[in-house]
Amino acid sequence: IDNVSVIPNGISNNCHTRNDEPPKELFRLVCVANFYSEVKGQKYAVEAMRLLPRNYEMSFFGEGIFLTTVKDLTIRYGLEERIRFLGWSDNRYIREKLVEYDAMVVPSESESFGIVAIEGMAAGLPVIASEVGGLYEVVTEDCGLLVPAAKPRALADGIRLVCENPGIWEKKHNAAIEHVREKFTVEAMAAKYQRTFSGSTLAERHAGKWMEVLCGLTFFFWCWVVVVTYFVQFKHLFGPLIHFFIG
């Protein structure tokens, strides 16, 4: 649609950023999402952890009614030593802690936008996410990896591809930081709003000038019509006057 502008949300540009040293022996994953709906897909992250080697750990931030279900699944798979549930934390604290991890996992079955993925990338974390909704627009191939939703094997394979290849991890780490700075900061959002509304104002101003010209031409046309009409109707009066003055 030509007349629609999409302006994504932005985050503050004062994020803590992880160093650029790729992970080596221990791979630390993080998932930040509430447990109030199964749509966030934490169970798929747990199932993916079951498929990953023992040198992978995962931390979950969040709370909600489905937290117990995911914890029970963790116990059933014997993953208590490799998966931690850190509960609710405020956004500032989470941003500070993100730099302690190597990659972010966003296993949602549906996502309207994906602000948490942006925060992960701002911290320098490659994001392995489901190929759904807003995540498809936010996470690019350069700074992360999209995998089919609700597919633990695909999620586990994507995690290993990114974490166990230092060259891939480093490229995505650097690209993620730059991607957020260019498109998803508050400053970038404000600039796009300004360009959009300034453009609209300019267009309206030009339209107003053309309307003035059109109104002027219309007025002139109707004046001419009135003059001609009167001349035709009263030509028997105008004839003698013309002969009198021309003589």
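Preceding this paragraph is the structure being described.
A brief report on the enclosed structure follows. The structure presented is a predicted model; accordingly, all values stated were derived computationally and were not measured.

1. A closer look at the pairing of strand S2 (residues 56-61)
- Across the 6 residues of S2, 5 count as buried, placing the element largely inside the fold.
- In this structure, strand S1 (residues 27-32) lies alongside S2, joined through 6 bridges in parallel fashion. Paired with Val32 across the two strands is Phe61, which belongs to S2.
- Running through helix H1 (residues 42-51), the crossover from S1 to the neighbouring parallel element S2 is right-handed.

2. Thoughts on the sheet that holds S2
- Overall, parallel pairing links the 6 strands, which are arranged S3-S2-S1-S4-S5-S6 in an open sheet. If you trace the sheet from one side to the other, it starts and ends with strand S3 (83-85) and strand S6 (144-147), each paired once. Strand-to-strand, the axes of this sheet are offset by a mean angle of 20°, without reference to chain direction.
- The strands touched by helix H6 (residues 152-163) are S1, S2, strand S4 (103-106), strand S5 (127-130) and S6; relative to S6, the strand with the most contacts, the crossing angle is about 165°.

3. Topic: H6
- With 12 residues, H6 extends 16 Å between its outermost C-alpha atoms, agreeing within 8% with the 16 Å of an ideal straight helix rising 1.5 Å per residue.
- Here H6 has its buried residues at Pro152, Leu155, Ala156, Gly158, Ile159, Val162 and Cys163. Projected onto a plane normal to the axis of H6, the buried residues spread over an arc of 160° and lie on a single side.

4. Things to note about the side chain of Thr74
- Position of Thr74 relative to the elements: it lies in helix H2 (residues 67-76).
- When its relative accessible area of 2% is taken as the criterion, Thr74 is described as buried.
- Not counting the four nearest positions on each side in its chain, Thr74 is found in contact with Val46, Leu79, Glu80, Ile83 and Phe85.

5. Quick word on the environment of Asp142
- Here Asp142 is to be found in the loop between helix H5 (135-138) and S6.
- When the C-alpha atoms of Asp142 and Lys172 are compared, they prove to be 5.6 Å apart, with 30 residues separating the residues in sequence.
- Asp142 has contacts with Lys171, Lys172 and Ala175, leaving out every residue within four places of it along the chain.

6. Structural notes on the packing of aromatic side chains
- Considering all chains together, one arrives at 5 aromatic pairs under this definition.
- Linked through ring pairs, Phe35, Phe60 and Phe85 together constitute an aromatic cluster.

7. A few points about the packing of helix H4 (residues 115-122) against helix H7 (residues 166-183)
- At a closest axis distance of 7 Å, the pairing of H4 and H7 adopts a crossing angle of 120°. Taken together, the axes of H4 and H7 are oblique relative to one another. In the packing of H4 onto H7, the handedness of the crossing is left-handed. The residues of H7 that touch H4, namely those facing Ile118, Met121 and Ala122, are Ala176, Ile177, His179 and Val180.
- For the contact of H4 with H7, the per-class residue count stands at 6 nonpolar, 1 polar and no charged.

8. Considerations on the side chain of Thr185
- Inspection of the secondary structure puts Thr185 in the loop between H7 and helix H8 (186-233).
- Among residues more than four places away in sequence, those in contact with Thr185 are Gly10, Ile11, Asn13 and Val180.

9. Focus: the packing of H1 against H2
- Contact pair H1 / H2: the axes reach a minimum separation of 10 Å and the direction vectors enclose 10°. Classified by the interaxial angle, the pair formed by H1 and H2 is roughly parallel. For the pair formed by H1 and H2, the contact residues are Gln42, Lys43, Val46 and Glu47 on the first element and Val70, Leu73 and Thr74 on the second.
- In terms of residue class, the contact of H1 with H2 is built from 3 nonpolar, 2 polar and 2 charged.

Reading the values: rules and limits
Residues numbered from 1 in each chain as written. Predicted model: local features only at pLDDT ≥ 70, side-chain atom pairs only at ≥ 80, totals over all residues. Heavy atoms only, no water. Buried < 20%, exposed > 50% of the residue type's maximum accessible area, 1.4 Å probe, protein only. Helix = DSSP H or I, 4+ residues; strand = E, 2+ residues; numbered from the N terminus. Pairing = 2+ DSSP bridges. Right-handed = clockwise from strand over helix to strand, strands pointing away. Axes fitted to C-alpha atoms, helices over the stretch in contact; angles between N-to-C directions. Contact = heavy atoms within 4.5 Å. Expected span 1.5 Å × (residues − 1). Arc of directions from axis to C-beta. Phe/Tyr/Trp six-rings, centres within 6.5 Å; stacked < 30°, edge-to-face > 60°. Parallel < 35°, antiparallel > 145°, perpendicular 65-115°, else oblique. Left-handed = near helix turned anticlockwise from the far one by under 90°. Nonpolar A, V, L, I, M, F, W, Y, C, P; charged D, E, K, R; others polar.

Interpretation note: all reported values are geometric properties and have no functional meaning in isolation.
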